[in-house]
Structures are given as structure tokens and as C-alpha cells.
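Notes for the structure review
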Amino acid sequence: MTHQTTAPRLRTLVLLLLAVAGALLAAAGPASAHAALTGSDPAQGTVVDKAPTQVSLTFSEQVALSGASLRVLDPKGTRVDTGEPTNVSGTTYAVRLHPGLPDGTYTVTYQVVSADSHPVAGAYTFSIGAPSATSVPASAQEAGGGVVGGLYGFGRYASYAGFIVMVGGAAFVLACWPAGTGVRALQRLVVSGWLALTSATLFLLLLRGSYTGSGKLGDVFGLDLLGQVLQTKTGAALVSRLLLLAAAALFIAVLFGAYDKREDEEKRDLTFGLAIGGTVVAGGLAASWAMAEHASTGLQPGIAMPVDIVHLLAVAAWLGGLCALLTALYRAENPVEPSAVRRFSKVAFGSVTALLATGVYQSWRQLGSWSAFTETRYGQLLLVKIGLVALLVGIAWISRRWTARLAEPSASRQQEAATAEETTGAAALEERAGAAAAGRTDSSGRERPTAEEQPAELTEAVSSEAASPEAEAAGKASSEEAGAAGAAERTGSNAGAGAGEPTGSSTGAAKASPSEAESGSGAGDSGSGDAGTADARRAAQLARQRAAVDAARQKRLRDADPNRSGLRRSVLAEAGVAVVLLAVTTALTSTEPGRTELDAKAATAAVASSDAAGAVTLDMSFDTGGANGKGVVSVDIDPARIGANEMHVYVTRPDGRAYDVPEVKVAFTLEAKSIGPLPVTPDHITTGHWSADGVQIPVGGEWQVAVTVRTSDIDQVTVSKNAQIG
């Protein structure tokens, strides 16, 4: 009864947890861009006087380009860019334009792949001469979204789950419970993990081209896209993973094949070699993630990648071993040994310690500040993950308490009790079987119960024990064996009876007439056949009942210890939290790191503030002290933002007339950051007018603009004013 009620509850819990995991993955939406657009030239929404020769985009990190990564479209939607996009410098990329473009509004679209393998897409507009109507939608493209994006996210989840189950299950068997190599349920668990990881890797390899490109489901099987994927860092990582999975298949075959058939002493010699080989293969599989995702780019990649490998292996040892322990507790034919549970408890403790150490480093690297926990999506998901890990550790502490209560003497006493019960039950059944086989009449001549009546008594005695499907299957097999044995027994008894007829029945046969003897002989044969059939039925039913008792006894032995039952419940709760934790982790790996998000927001805000600032005009009066030494100097800075600016200087007399002076010089100083002075010498354009193009302002702030005016060979003065630029 316990088994029948536990299984539906277990299935319901698993379905509920899978639904929660699916909801978390669906809520994650398209993969967040891990490289952000921080600048462009021409800038978004600007109106330029003449057609530019190229369009350049600056990202927060390096990106991968293809032939159609950067496109520029005219108001009718026709491409006006020419040639392949190129890397101008650092993280700035440009594409050249056709010369002599007419006035109007142009749309720039981009779709690139960031250094950590995630797609980035977007669009913006600029105008030449004056804005115009355009038929091109300028809304940002959705990168990694749609059906293909959803399938790709599911593939990532399946690959993580397969890796954890395969590596953790094999580690549990090898390090904690070597006897588990013969348990079919554990064999199926580890093989299922290998199949899930292999299938998910092939699935991701096919989806990758469409995921980072068109996003169309029909392009999944395009050989051209697959060829392009194989030339990328992510494609190389997926192919490496497939090769390592071939080695993992060999490891699993040896673990559950040759290793399982060895004796205990031989197993010890083979364990060390399997441990070394398995660690190398598992580390290589973990590196296939580290070399292509967050750890491979950004701050300290040389340290981050090994840390990421250790983090993944610790997760697999803990959560995968937890799945193996849960399977052993619920599905193993023989109860898992308490010593194996205690060994896994030590492995789990070491794994949690490694997770905490590597997790702290990864959090600092990806966030960079405490505010990123609440201001970025990555930080918010990380808080959820920390909460789930804390909950998991709390449940694990309860499991450790149940583990401490498991003791070998208790298990021995249960075994002895079960053995005594088995002996008593078998003796009772044999006594009843002997009584049934003795005949259908007792010593007083009364008729015994028929074959149909007698098993009913035994059935009532073991009905509660013979209810499980395992008992029915065992009973069916045993009944076939008992039927064969009964047939052989009948054959032997009939032969013996035939041999004894001349000596034991001669007197009766002499007195009887031939017809009577013939009639009596026929009746005797009929009675012997009925008795043999009844004996066979009784023997088969007794065999079924004995098998039912044995199966029920095994299950009762497994469930008798209350400490073991408590451990099963707590491990089941741990596994449930682990399913949700894995979903959050998968969403976290698809989310832009908090440090990158904040840097991109700061850069965008700086560009926006400089765009909104517009031109700055500063008027300053001067007096050099000599003849005609008084006047007014005006400085115009346009657009007064970070980057290149255009500067005009005008000098007038006190009455407003243009005034040509021998020399004018300008210098920019940002005292708050100890930048400058940055000297600028403008070119003389006309009477009282000087100009300079490309005046670079490196950062935004309160800049001091100083102008030196010389009115004669010896008379000059420097005047200054502050202005917010950028």
C-alpha cells in the first residue's frame, strides 16, 4: 500500500517541478545581449549636413561579424552599404556607404554575436539634410527569440541536466556505492544522462545558425549555416563536447560492464584508473561550456575559466549524486547501504564548499557592485539562486541528520528479523503444502477441502503482501516452474504405480470378473488424473504465494527503518529544489552580466546627455592693457558632447565690430579629473573668425574653457569660463 501511494505522489511532484522549471525558462524570454551598443557615428537621431562615407558602431566588448551583420537602408528599404563590415579599432566596427547619398532618413541595422556566444541585434536611424518618411521599421530586432530561441533555451537546459545526471550518477556509484554498478535503476539513470547530453548537443549544433541569424525554423537544417557555425568558437566547443561524449560512453560501458563483474579486491585496483579517466572526461565536458560562455570573456578570463570548470563539476557531484541517491532509495532492489549514504554526505559537503568559493568569485566578477544585485536582471536572478541554494543546504542538513541515524546494527537486526520471518513463513507454507499433498481425506475418513478451497485460506493470509506488481510477476514465473515440477512428479508416481500392480492387486483381480476389473481400472485412472491436476494447481498457487511473500518481504525490509523513510523524503525534497535551481541557473547563463549592463547604461546615458546638451556659447570680455586692447571673445562648441566637436571663436571690439587680433589660442581643462589643459589652435577663417574641427572631449564634466588673446607683440591676456560638456 505504501508503494502504491508513494508513486503517484512522486509523479505529481516531478510534474509540478518540471512545470515550474518550464515557467522560469519561458519567463527568461530571448537571450539577453551580453555586448551592448555604446556609441555610433552618425549618432542615433542626428541630422548631418552632408552624406557620411561610412557608418561605425561601438560595442561594450568585441563581437563576431558576418557579411550581413551591419546594414544601412535608404528610405525605400534599399541597401546603401558596400563591402564587408570591418573592425576599425578595439570594439568599433564600420561599413562603408555608397558616395553621394541623397537627403532623407536612413536606417542602420546590426546583428552580431558577442564574445560569450550570445546574439545582439538592434536598429536606429539618422538623417542627411532633413528627416523624411521611411518604409523601414526602426524598432530593434529580437535576437534569440521566437520558436528557435525557445527551442535553444530548452536544449541548453537539457544539456546541463544531462551533464549533471551523467557525471554525478557515475561519481556516486564509483565513490560512494561500488555495489550500485549492478543496480539496473542506476545504470538506466546514468545512461539516460548521457543520452540527454548527446541529443541536446546535436540539437544545439543544428539550431545555432538560425539562433544567431535569421531566427527561422526552416534554416535549422541549412548546411551553409552549419558550416559557418563550425567555424565559430561555440561550434568548436559543441564539436569538442561530442568527441568527449564518445569517451564518456566508453567509461560508462566499463563502469557497468567489466568493473561490475570484478571481485571486490580487483575493483579496488580498477577504481583508481576509472576515477582518473572519469575526472579528465568530466573536466573536458565542463570546459566546453567555460571556453564559450561568460567565463571566456570580460574580466580575468584566465582565472575565470578554471573556476567555472570547478563550479560545474561541484554542481554535478552534488545534484547528480543526489539524483542517484534518490533513485537508489526508491528503485534499488536491495536497500542502499548506510555507509554509502554517509560517503555521499561527505562528497556533498565538499561540493557545497567548492560551490560557495567559486560562486563568490563569479558573483564579484559578473556584478562588480552591491547595487547590481537589485538594479540588474542578472543580480535579481542571482539573488533567487542564492535563496534556492540556501534552501537546498537547509534540506541537506536535515538529510545529514537522517544519515547520522542510519546505523549498521539497526539494519542487521532488520535483516535477522526478516530472515526469521522468512523461515517461519516458508515452514508454514510447506506444512500446508504437505498436508494438501497427503490426500483429500484425513485419518478419520472425512474429505479435505478441494483444490479451489484450500488456496483460498493461504491467499487470505498473504493477500496484503501479494498486492504489488513485483510480487505478481515473481509469482507468475514461479508458477511456471512449479507446474513443470508437478508434471514431472506425476509422471514418476504413475510409473511407480504401474510397476507395483502385479503384486499389490493380484487377489482382487482374481475374484473380479473381466468386466468389473476393466471398469474398476478405468475409474482408477480417472481418479488419478484428477488428483494429479489438483496437485499441480495447488503447487502453482503455493509457488505464487511464496514469491509474493518474498517480494513483499523485500519491500518491507526496505521501508521498515523510519530513519531510511525520513531520508527518502528529505532527499526527494532536495531533488525538487534542485530542478528549479537548475532552471534559474540556465536562465542566468543567458542573461547579460550586471557589470556589463551597468557599463552599457552609463555609456548610453553619457551619449544621451551629450546629445541633449546641444551647442554651448561662451562670451568673455578681455583687456590686454595696451592700445586697442579691449574687446569680447565668443566661443561656440557644437554639439558640446563627448567625442568630436566643432569650435568657432569670434573676436569683436567693444562697439561690436569684428576685430582681427594677431593670435587666439584655446585650452580645455577638467580639474575634477585632472585632465588638461588640452590645447587647441583654431584656424583663421575671416576677419574676427577662427574655427577648429574635431575638437575631442574625452569625458563629460564641468570643463574650463580658457582663451588667450594677443593684441600686439607684447600685449596678451587669458580669460576663461566653465561649461558643462558631455
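An account of the accompanying structure is given in this report. (Residues numbered from 1 in each chain as written. Predicted model: local features only at pLDDT ≥ 70, side-chain atom pairs only at ≥ 80, totals over all residues. Heavy atoms only, no water.)

So, about the overall build of the chain. Scanning the chain from N- to C-terminus turns up 18 helices and 18 strands. The buried share of the chain, taken over its 726 residues, is 43%. In the chain, 71% of the contacts between residues at least 6 apart in sequence involve partners at least 24 apart. Here the chain displays about 35700 Å² of accessible surface, and carbon together with sulfur accounts for 59% of that area. (Helix = DSSP H or I, 4+ residues; strand = E, 2+ residues; numbered from the N terminus. Buried < 20%, exposed > 50% of the residue type's maximum accessible area, 1.4 Å probe, protein only. Contact = heavy atoms within 4.5 Å. Areas by Shrake-Rupley, 256 points an atom, 1.4 Å probe, with all protein chains shown as cover.)

On the basis of which strands lie adjacent, the open sheet formed by four strands has the order S1-S3-S7-S6 and antiparallel pairing. Single-partner strands in this sheet number two, and they are strand S1 (37-41) and strand S6 (81-89). When strand polarity is set aside, the average angle formed by the axes of neighbouring strands in this sheet is 20 degrees. Of the strand pairs in this sheet, S1 and strand S3 (residues 54-59) are connected by four bridges, and their pairing is antiparallel. Considered in S3, the bridge of Gly39 is made with Thr58. (Pairing = 2+ DSSP bridges. Axes fitted to C-alpha atoms, helices over the stretch in contact; angles between N-to-C directions.)

What follows covers the pattern of salt bridges. Tallied over the entire structure, the rule returns five salt bridges. Put simply, Asp81 and Arg79 hold a salt bridge, and the shortest N to O gap is 2.6 Å. A residue is classified by how much of its surface remains accessible, and Asp81, at 9% relative accessible area, is buried. On the accessibility criterion, Arg79 (36% relative accessible area) is partly exposed. Taken together, the shared-partner salt bridges connect Glu663, Arg710 and Asp713 into one network. (Salt bridge = Lys/Arg side-chain N within 4 Å of Asp/Glu carboxyl O.)

Now for the packing of helix H9 (residues 338-367) against helix H11 (residues 377-405). Across the interface, H9 lies against H11 with an axial gap of 11 Å and an inter-helix angle of 165 degrees. Considered as vectors, H9 and H11 are oriented roughly antiparallel to each other. Crossing hand, H9 versus H11: left-handed. Two secondary-structure elements touch here, H9 through Val341, Arg342, Ser345, Phe349, Val352, Ser363, Gln366 and Leu367 and H11 through Tyr378, Gly379, Leu382, Val393, Arg400 and Thr403. Taken together, the residues of the contact of H9 with H11 break down into seven nonpolar, five polar and two charged. (Parallel < 35°, antiparallel > 145°, perpendicular 65-115°, else oblique. Left-handed = near helix turned anticlockwise from the far one by under 90°. Nonpolar A, V, L, I, M, F, W, Y, C, P; charged D, E, K, R; others polar.)

Moving on, we get to the nonpolar core. Note that soluble globular proteins tend to have their nonpolar side chains buried in a common cluster. With 67 residues, the main nonpolar core has Phe163, Met166, Phe172, Trp177, Leu255 and Leu319 as its most contacted residues. Elements with a contribution of two residues or more to this core: helix H2 (146-176), helix H3 (184-212), helix H5 (233-256), helix H7 (264-290), helix H8 (301-331), H9, H11 and helix H17 (562-589). It is H8 that contributes the most residues to this core, 13 residues altogether. Ignoring anything within four residues of it in the chain, the contact list for Phe172 reads Trp177, Gly321, Ala324, Leu325 and Phe344. Membership of the second largest hydrophobic core comes to 29 residues, among which are Phe622, Tyr659, Ala692 and Ile725. (Core = buried A, V, L, I, M, F, W, Y, C linked by side-chain atoms within 4.5 Å.)

This paragraph deals with the side chain of Ser288. Checked against the element boundaries, Ser288 lands in helix H7. Taking relative accessible area as the criterion, Ser288 reaches 3% and is therefore assigned buried. Side chain to side chain, Ser288 and Arg241 meet in a polar contact 2.9 Å long. In this view, Ser288 contacts Ala237 and Arg241; residues no more than four positions away in its chain are not counted. (Polar contact = N/O pair within 3.5 Å; in protein donor to acceptor, adjacent residues only side chain to side chain.)

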